[in-house]
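Each chain is listed here by its residues.
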Amino acid sequence: MTGKALLVALAVLASGAQAETQTAKDARSLEAALQRARTDKHIHRIELTAGNYELLAPIVIDEALSGTADAPFVLAAAPGAQPVLSGATSLPALRWERWKDGIWRARIAAASFQRLWLGKQALVRARYPNLDPANPGFGGAADATSPERVARWRDPRGAVLHALHGYQWGGLQVPILGKKPDGSLGYGPQLANNRVMPPSDKDRYVENVREELDAPGEWFHDVGEGWLYFKPLAGERPPARGFRAGRLEALVRIEGHARDVQHVQLRGLQFSDTEPTFLKATEPLLRSDWKFYRAGAVTVENARDVRIEQGEFTALGGHGVVVSGRARQVTVSANHIHDIGGTAVAFVGRPEAVRSPLFEYHERLEVAAIDRTSGPKSDAYPKDSEASDNLIHDIGQIDRQATGVQIAMAARITVDHNSIYRMPRAGINIGDGNWGGHLITHNDVFDTVRLTGDHGSFNSWGRDRYWHPDRAEMDRRAAAHPELALLDAVEPIVMRRNRWRCDHGWDVDLDDGASNYVIEENLMLAGGLKLREGFQRIVRNNILVNGSFHPHVWFDNGEDVFESNVVMGAHQPVEIRRWGRSVNRNFFVAEADLRAAQARGTDADSVAGDPHFAAPARGDYTVMNAALATRIGFVNFPMDDFGVRPARLKRLASQPAFPVPKQLGQAAPLQAARQLHGLGLKPIETLGEQSAAGLGEKAGLIVLAVEAGSAGAAAGLQPRDVIVASGQQAINDVATLQALLATGRRTELTVVRNQTRILVHWPAAVIKGF
């Protein structure tokens, strides 16, 4: 090896023909080796032999350890070794005493911790309902915070409510601050989710309550009294030794201070046993649905030319790799990231780099206040970096607002040849349009949106500086200033030759405002493609197996293109007045679907027939009907180049289930609009209508039109409003509403407008939000 190298645990320092030996026995010796490397610039490589390194503090690699292009600084596993960097600490011998109900306790002087292991087995912090390992779902209960249950808790300070979002838009956590004088719970602010609404009333559980310690393997740490309570798995006295508690939330920080750290590599290491970080997820990632905490097992900032490769990230409480703020040429490659609490890989810029930033869905700027300079304001964001050949699965096990690869406030990020599956939410998520240029290629993303809804294997938003939450204002703004949409989305995002499957949403979901995309040569296996309002999306030469095209609430001048795609169902438009630049030359399976499209004014040159897929059972959906494919300009693309390529990861990787192609047939006819008191009304019947209206379920009456001077207009109702209830009575059909209004009494209606619930008093035009 060139220069010098340190081997930690049984270390050899070699330089030329002369060698010296150093012995290191624990994590303190690793820190000593790092300190020596800071002063001896000939040392540019530290190799770790096998062992469990319980770190006392995160390893900090700053500019003093910078390497060069020819001699990067490397922290790596020794040949054949599997070193583990651990964020846990072994507890001293515990003197257990029997308490009650099969529970034991021991005095402990340790500071507060969120995770506990016995050997390598993770134990469960006391919770209700109890964890059921056989249940792959969220594992909640409607009575988790019921008054009857809360009455049993003496002092729930420090407990946490974990829940899904009330509209299924991800997960969230709420700290429990204690009990109020009336015995009800006092809560802190919602964490992790940036769309603050009431949590799900059934998908919820509470952890860290002593009175809920009732299942084998559960524990509770009473920090104030200094007791550790534990119910043994086998019922007998717990062992005195072998317990480990969480200590660190981060293991390695690659971070420059006075200047950037450069040319650093982490190779072949395992990162494990960090503390959860959801209680610190308070920073909104602009107006996306995410709140975030900028720390992972490995965190990179103020750095360039960094490689994190061939490692394993597992048993983490929080995120895997977080590339934050100013970072260039950072590569996260050939890692196995699995069974962790948060997001696998995140590229997240700083909001000070964003012009005219906004931080919550309902925040808005008037047009005159928008900074008209395109692009970023500073360099505090990741760019020209990549996540490639990573095997990512079973993540988001604690923080359900998690994804395989997260991109926010970044530029030119390549996401290539990753296998991503078993996700609570999207596999790849792009939170905003700043600043585009991303290349999403050859990924295999499936078994996603397992716990949430209204989402896809790929999800993105574009609630950038041009975007406004009031749809009527947004229509005016889009008509008058379409150029504003590309002030942030300055370079196109290219999605090419990926394989997507989502059985609980859309395969690809471009949501609010997402603009400037090129989507081509993708294989979509279940949910089809959704394009909500945005600008300049080009979708061409894709195969939508057993799926269709879902355009939602487009702007009249959005200039979208949907051409040369193979679709197996009718288009599913919601509130489309103009069909973009072109929807044409597509390959339908059913003649009736083609005729329905043409009746709407699209697909004049499209065709219908059997695509004759080559071998669907083996995942080969090559179109063998060359005659019809040629007529629409469709060109086949490879079917065997999705997901991870390294042999060691490919052997471990799963693949999606390959669906048997089926003609979707005609959807059941939707109910026609009905008139009532000057309102054009129809029930919400489809997932598309639900999503377009921003609802948590398929329920309510959408207002399609309001006649001037009518009673409906006098009540203040507007087009796109959704009437969902009156008091406790749900309103899902016109007959129910008609019966309520026929009484002639003042009636209070609950209405969803621009994804906010308001109250409308009929017939008085008095409106108040709640």
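Quick notes on the rules
Residues numbered from 1 in each chain as written. Predicted model: local features only at pLDDT ≥ 70, side-chain atom pairs only at ≥ 80, totals over all residues. Heavy atoms only, no water. Helix = DSSP H or I, 4+ residues; strand = E, 2+ residues; numbered from the N terminus. Rg over C-alpha atoms; globule rule 2.2 N^0.38 Å. Buried < 20%, exposed > 50% of the residue type's maximum accessible area, 1.4 Å probe, protein only. Contact = heavy atoms within 4.5 Å. Areas by Shrake-Rupley, 256 points an atom, 1.4 Å probe, with all protein chains shown as cover. Lys, Arg positive; Asp, Glu negative; His and termini not counted. Charge placed at Lys NZ, Arg CZ, Asp CG, Glu CD. Pairing = 2+ DSSP bridges. Core = buried A, V, L, I, M, F, W, Y, C linked by side-chain atoms within 4.5 Å. 1 Å grid on protein atoms, 1.4 Å probe; cavity = no way out; pocket = protein on both sides within 12 Å on 5 of 7 lines; lining within 4 Å. Points joined across faces, edges and corners; volume = space filled by probe spheres on them. Nonpolar A, V, L, I, M, F, W, Y, C, P; charged D, E, K, R; others polar. Axes fitted to C-alpha atoms, helices over the stretch in contact; angles between N-to-C directions. Polar contact = N/O pair within 3.5 Å; in protein donor to acceptor, adjacent residues only side chain to side chain. Salt bridge = Lys/Arg side-chain N within 4 Å of Asp/Glu carboxyl O. pLDDT = per-residue confidence, 0-100.

Caption draft 1: Geometry of the overall build of the protein chain. In terms of helices and strands, the protein chain carries 9 helices and 68 strands. Relative to its length of 770 residues, the protein chain is compact, with a C-alpha radius of gyration of 28 Å against a globular reference of 27 Å. Projected onto its principal axes, the C-alpha coordinates of the protein chain cover approximately 85 × 65 × 55 Å. Considering the protein chain as a whole, with its 770 residues, one finds that 61% of them fall into the buried category. At a minimum sequence separation of 6, the contacts of the protein chain that also span at least 24 residues come to 67%. Summed over all atoms, the accessible surface of the protein chain reaches about 29,100 Å², with 50% contributed by carbon and sulfur. Averaged over its 88 positive side-chain charges, the protein chain has a centre that lies 3 Å from the centre of its 89 negative ones.

Caption draft 2: Quick look at the sheet that holds strand E14 (residues 124-125). If you trace the 5 strands from one edge of the open sheet to the other, you get E10-E11-E21-E20-E14, paired in mixed fashion. Sheet topology places strand E10 (97-98) and E14 at the edges, where each strand pairs with a single neighbour. Of the strand pairs in this sheet, strand E11 (residues 104-107) and strand E21 (residues 227-230) are connected by 4 bridges, and their pairing is antiparallel. Counted as the bridge partner of Ala106 is Leu228 from E21.

Caption draft 3: Structural view of the nonpolar core. Ranked by size, the top nonpolar core spans 83 residues in total, and within it Ile61, Leu85, Val252, Ile254, Phe271, Val298 and Leu529 carry the most contacts. Of the residues forming this core, the biggest block, 5 residues, is contributed by helix H1 (residues 27-39). Not counting the four nearest positions on each side in its chain, Leu529 is found in contact with Trp506, Val508, Ile519, Met524, Val539, Leu544, Ser548, Phe549, His550 and Phe562. Met568, Phe613, Val623 and Phe634 belong to the second largest nonpolar core, which has 19 residues in total.

Caption draft 4: Molecular detail of empty space enclosed by the protein. Across all of its chains, the model carries 3 cavities of 30 Å³ or more by this definition. Together, 13 residues line the largest cavity, and Trp169, Asp454, Trp461, Arg463 and Asp511 are the ones closest to its centre. Of the residues that constitute the lining of the largest cavity, the class distribution is 2 nonpolar, 3 polar and 8 charged. By volume, the second largest cavity is sized at about 60 Å³. Taken together, Leu286, Arg287, Val354, Arg355, Ser356, Pro357, Leu358, Asn434, Arg463, Asp464, Arg465 and Asp488 form the lining of the second largest cavity. When the residues that make up the lining of the second largest cavity are grouped by side-chain class, the tally is 4 nonpolar, 2 polar and 6 charged.

Caption draft 5: The sheet that holds strand E40 (residues 428-430), seen in detail. A sheet is described by the order of its strands in space; here 11 strands give the open sequence E6-E23-E28-E31-E34-E37-E40-E44-E47-E50-E53, paired in parallel fashion. Whereas interior strands pair on both sides, the edge strands pair on one side only; in this sheet they are strand E6 (59-61) and strand E53 (549-551). Between one strand axis and the next, the sheet turns by 10° as a mean value, whatever way the strands run.

Caption draft 6: Inspection of the side chain of Ser691 at higher detail. Examined against the element boundaries, Ser691 turns out to sit in helix H7 (residues 687-693). With relative accessibility at 3%, the residue Ser691 sits in the buried group. At 2.9 Å, the side chain of Ser691 and the side chain of Lys530 are in polar contact. With near-sequence residues (within four places) excluded, Ser691 lies in contact with Asp454, Trp506, Lys530, Arg532 and His552.

Caption draft 7: Local environment of helix H3 (residues 471-480). Looking only at H3, the buried set comprises Arg471, Glu473, Met474, Asp475, Arg477 and Ala478. A distance of 3.1 Å separates the backbone nitrogen of Ala472 from a side-chain oxygen at the start of H3, and that oxygen is part of Asp470.

Caption draft 8: View of the pattern of salt bridges. Counted according to the given criterion, the structure contains 55 salt bridges. With a closest N to O distance of 3.0 Å, Glu301 and Arg350 form a salt bridge. You can see Glu301 sitting in strand E28 (residues 296-301) and its partner Arg350 sitting in the loop between strand E34 (345-348) and strand E35 (382-388), a full 49 residues away along the chain. A relative accessible area of 25% means that Arg350 is categorised as partly exposed. The residue Asp560 makes a salt bridge to Arg537 at a minimum N-O spacing of 2.8 Å. You can see Asp560 sitting in the loop between E53 and strand E54 (561-563) and its partner Arg537 sitting in strand E51 (residues 537-540), a full 23 residues away along the chain. A relative accessible area of 1% means that Asp560 is categorised as buried. Judged by relative accessible area, which is 0%, Arg537 ranks as buried.

Caption draft 9: Molecular detail of the confidence of the model for the protein chain. Across the protein chain, pLDDT averages 92, with 95% of residues at or above 70. Per-element mean pLDDT across the protein chain ranges from 29 in strand E3 (residues 18-22) up to 99 in strand E36 (residues 391-393). In the model, residues 9-25 has pLDDT below 50 throughout and makes 36 contacts with residues more than four positions away in sequence or in other chains. Within the model, pLDDT remains below 50 along residues 764-770, and this stretch shows 25 contacts once partners closer than five positions in the same chain are excluded.

Caption draft 10: Quick look at the environment of Ser288. For Ser288, the position within the fold is in the loop between strand E26 (283-284) and strand E27 (291-292). Take Ser288: its relative accessible area is 2%, and that puts it in the buried class. With 58 residues separating them along the chain, Ser288 and Phe230 place their C-alpha atoms 40 Å apart. Once you skip the residues sitting within four places of it in the chain, Ser288 turns out to touch Asn194, Gly431, Trp461 and Arg463. Of the polar contacts made by the side chain of Ser288, one reaches the backbone oxygen of Leu285; its length is 2.9 Å.

Caption draft 11: Seen up close, the pairing of strand E38 (residues 410-416). Counted residue by residue, E38 has 5 buried out of 7 residues, so it is predominantly covered. Across 5 bridges, the pairing between E35 and E38 is parallel. Bridging from a neighbouring strand, Lys383 pairs with Ala411 of E38. Judged from the 2 bridges that link them, E38 and strand E41 (residues 435-436) form a sheet pairing that is parallel. Note on E41: the bridge partner recorded for Ala410 is Trp435.

Caption draft 12: Here's a closer look at the environment of Thr452. Take Thr452: it is sitting in the loop between strand E43 (444-446) and strand E44 (456-460). Counting along the chain gives 29 residues from Thr452 to Met423, while the straight-line C-alpha distance between them is 9.7 Å. A polar contact of 3.0 Å, which involves the side chain of Thr452, links it to the backbone oxygen of Pro424.

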